[in-house]
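Residues per chain, in single letters:
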Amino acid sequence: MDLEEPHVETLVVHGGAGVDPQTGAVVEPIIMSTTFERDPDGGHSRGYFYSKAGNPNQSSLERTVATLERGAGGVAYASGSAAVLAALSIAGQGGHVLVPDDVFQGTIRLLRLSLSRWGIRFSTVDMTDSAAVRTALEPDTRLVWAEGLSNPLLKVTDIAQVAEIAHEHGALCAVDNTFVTPVFQQPVRAGADFVLHSATKYLAGHADVLAGVLVVAETSLLDQLRTLQWIEGATPSPFDCWLTARGLKTLPVRMHAHADHAAEVAAFLEQHPAIDWVRYPGRPSHPQHELAKEVMSGFGGILSFTIRGGADIATRVAARTRYFVNATSFGAPESLIQHVASAPTHGSGHLPDNVLRLSVGLEHPDDLIADLDQALDVVTQRA
Ligand SMILES: Cc1ncc(COP(=O)(O)O)c(C=O)c1O
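Residues numbered from 1 in each chain as written. Predicted model: local features only at pLDDT ≥ 70, side-chain atom pairs only at ≥ 80, totals over all residues. Heavy atoms only, no water.

**Description of unusual backbone geometry**
- A cis geometry characterises the amide bond from Asn151 onward to Pro152, with omega recorded as 5°.
- Within the secondary structure, Pro152 is located in the loop between strand 4 (141-147) and helix 6 (159-168).
- Backbone geometry places Leu154, a non-glycine residue, at a positive phi of 55°.
- One non-glycine residue with positive phi stands out, namely Thr181, at about 70°.
- If you trace the backbone, Thr181 turns up in helix 7 (residues 181-184). (Helix = DSSP H or I, 4+ residues; strand = E, 2+ residues; numbered from the N terminus.)

Right, here's the structure in full:
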């Protein structure tokens, strides 16, 4: 027991705003004001002057996420993509960025359509293969990008290894921790320089907020990031920060439930005759299960599988579920099912067209399994 080293469950509840000193409100008030009064001498000793450059709800969200991720500070953004853009543009400027070959497609699109216009080049590599990563580094590689778990195949990256390779080369290492969350893995502890989230997903946790957070391991780039955010205007609204901070209070409870439910669903799917293969890092069938056990304390709420049949049957399965909503995204209380090949964000053509991805939600796992069981009748009976 150590009062100075609280657990993640305690940090999410007490790591943010705390009791409001003015009113005694236990829950942080929402400060919607866009402008803040100056001091008589013209200063801003209370820390705020215009909400595009920061507001109290944003500050407490940033504090909580930075604490959870064991970083020195954080900046919250209006979306996860804005946080990705900030990390790539500040760390990759004037050089080359190395990203996983199955990185989130939005990150590839940012590199291809936006950052390339500013002279940032990129290439892709299998980030789980350390020899390949070393070979893919270029003399001007400034940033190596990793994801704790990849989408949709749930490949596991050894962050400590990638960070070491990047640092030996004089590059920085950024980790998109959206799938895993700080509940199960804290990349800064493994040596990452940046950790970022689409807070839209598990951090906010209720599919009703778009937000992002970028955490830095050291303070050196923090002021520059804050200034760029202010002048570029990718600031989240106070209400969205408040909703995200509220969602964070239940993050550990939700993540353990998501992971428990996903493990049960994966075990069910593995033995179902309609299924070819299942990828869930918590199952011994996952090719990197041993590594997953080493580097993360839980395996998240997302899994993928292929059914016996093609795109047509996969689409029909996704349309037949009752509790799994046929929708994109993940991290909500509602379970979601997505036919990967026809999703609007899908980009890697080398995946089979019968992959289905599940974001396993907070419903009772028996109900979720019953739901999948009836939907999979379409495969076994070709109904
Ligand atoms: C891994 C990952 N990173 C970043 C993003 C971008 O987040 P947002 O949709 O909040 O802009 C997403 C969105 O799906 C994601 O899955």
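**A closer look at the site of the ligand**
- Taken together, Ser79, Gly80, Ser81, Phe104, Asp176, Thr178, Ser198, Thr200, Lys201, Leu210, Ala211 and Phe330 make up the full set of residues adjacent to the ligand.
- Within the contact set of the ligand, an oxygen atom lies 2.9 Å away from a backbone nitrogen or oxygen of Gly80.
- Here the ligand, which alone exposes 390 Å², has 86% of that area covered by the protein.
- Here the shell around the ligand is built from residues that sort into four nonpolar, six polar and two charged. (Near = heavy atom within 4 Å. Polar contact = N/O pair within 3.5 Å; in protein donor to acceptor, adjacent residues only side chain to side chain. Areas by Shrake-Rupley, 256 points an atom, 1.4 Å probe, with all protein chains shown as cover. Nonpolar A, V, L, I, M, F, W, Y, C, P; charged D, E, K, R; others polar.)

**Topic: the packing of aromatic side chains**
- Evaluated as defined, the whole model comprises six aromatic pairs.
- Measuring from centroid to centroid gives 4.5 Å for Phe179 and Phe330, while their planes differ by 55°, and the two rings are tilted. You can see Phe179 sitting in the loop between strand 5 (172-176) and helix 7 and its partner Phe330 sitting in the loop between strand 10 (325-326) and strand 11 (336-339), a full 151 residues away along the chain. Each member of the pair, Phe179 as well as Phe330, carries the same accessibility label: buried. (Phe/Tyr/Trp six-rings, centres within 6.5 Å; stacked < 30°, edge-to-face > 60°. Buried < 20%, exposed > 50% of the residue type's maximum accessible area, 1.4 Å probe, protein only.)

**Some remarks on the pattern of salt bridges**
- A complete count under the given rule lists eleven salt bridges for this structure.
- Between Arg121 and Glu138 there is a salt bridge; the shortest N-O distance is 3.1 Å. Of the two residues, Arg121 sits in strand 3 (residues 121-125) while Glu138 sits in the loop between helix 5 (130-136) and strand 4, which places them 17 residues apart along the sequence.
- Assessed through its relative accessible area of 25%, Glu138 is described here as partly exposed.
- In this structure, Arg134 and Glu168 form a salt bridge, with 3.0 Å as the shortest nitrogen-oxygen distance. You can see Arg134 sitting in helix 5 and its partner Glu168 sitting in helix 6, a full 34 residues away along the chain.
- Take Arg134: its relative accessible area is 43%, and that puts it in the partly exposed class.
- Connected via shared salt-bridge partners are Asp101, Asp102, Asp126 and Lys155. (Salt bridge = Lys/Arg side-chain N within 4 Å of Asp/Glu carboxyl O.)

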